[in-house]
Amino acid sequence: MPKCLIAGIPSIYDNYERTLSSLGFSVVYPPKPPGDAPYILSQLGDISFDILLLPGGGDISSLLYEKTEDKNHIPDYITDLLQFQLLQLALFKQKPVLGICKGMQLLNVYFGGSLYTHLPTAGDHCSPDCDMMHPLSFAPYFPEKCRIFGTSYAAGSLHAILSEHPMVNSAHRQGIRSPGHDLITLQYSGDYLPETIA
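What counts as what
- Residues numbered from 1 in each chain as written.
- Predicted model: local features only at pLDDT ≥ 70, side-chain atom pairs only at ≥ 80, totals over all residues.
- Heavy atoms only, no water.
- Helix = DSSP H or I, 4+ residues; strand = E, 2+ residues; numbered from the N terminus.
- Expected span 1.5 Å × (residues − 1).
- Buried < 20%, exposed > 50% of the residue type's maximum accessible area, 1.4 Å probe, protein only.
- Pairing = 2+ DSSP bridges.
- Axes fitted to C-alpha atoms, helices over the stretch in contact; angles between N-to-C directions.
- Contact = heavy atoms within 4.5 Å.

Novice: Just checking my understanding: could you explain helix H3 (residues 77-92) for this structure?
Specialist: Note that an α-helix has 3.6 residues per turn; residues three or four places apart therefore point the same way. A rise of 1.5 Å per residue sets the reference length of H3, with its 16 residues, at 22 Å; its end C-alpha atoms lie 23 Å apart and thus fit the reference within 8%. For H3, the set of buried residues is Thr-79, Asp-80, Leu-82, Gln-83, Phe-84, Gln-85, Leu-86, Leu-87, Leu-89 and Ala-90. Residue Gln-94 follows H3 closely and has a positive phi angle near 60 degrees.

Below, the structure written as structure tokens:
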């Protein structure tokens, strides 16, 4: 049974666990260090996994991409650092990585991309009461770029699985401003915010 490593703390990702289990994955988490000690990359290297999942969550610390602190929210530095370390580990081990919502944004930041700290269209992407729903559109493709970055298969697979304008749930006030190095946008929301990158 393939192992999916969820980059987070157990007990708050039950919905991910249920979905992954139904797809035939066993779920593992990084071992929690004693007390309030930080996660250390050298101690994480012994984790056995086949795929890394960077889950959704709160805002990413703006210190990771703008070098200035956003005074409007309190970031979770420990989780951000843990997820960066696990992403580094997965890439070193050449394991596939899936980022959902915050996880996708973190992937983008890791590869040098930038984020909107607070979306000018945040009202289209988050609500204090519940997740928003909105359609996505597939980005126009440039065949030569898809060949270079190997994304034509990813785009075709998404299109085969999803409809032309799939509906997605949304609950974020940050968003991708510019894709990171060697990343391209596969899907946009109605306000042209990148929602799927590869």
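Novice: Got a minute to help me understand the sheet that holds strand E4 (residues 97-99) in this structure?
Specialist: Strand pairing in a sheet relies on backbone hydrogen bonds, with the paired strands running either antiparallel or parallel. Read from one edge to the other, the open sheet built from 4 strands follows the order E2-E1-E3-E4, with strand pairing classed as parallel. Two strands in the sheet have a free side with no partner beyond their single neighbour: strand E2 (26-28) and E4. Neighbour to neighbour, the strand axes of the sheet diverge by 25 degrees on average, direction disregarded. Taken together, the 3 bridges between strand E1 (residues 3-6) and strand E3 (residues 51-54) define a ladder with parallel strand orientation. Across the sheet, the residue bridging to Leu-5 is Leu-52, located in E3. Against the sheet, helix H1 (residues 14-22) makes contact with E1, E2 and E3, and its axis sits at roughly 165 degrees relative to E1, the strand it touches most. Sheet contacts for helix H4 (residues 102-110): E3 and E4; angle to E4, the most-contacted strand, approximately 120 degrees.

Geometric descriptors of this kind do not, in isolation, establish any biological role.
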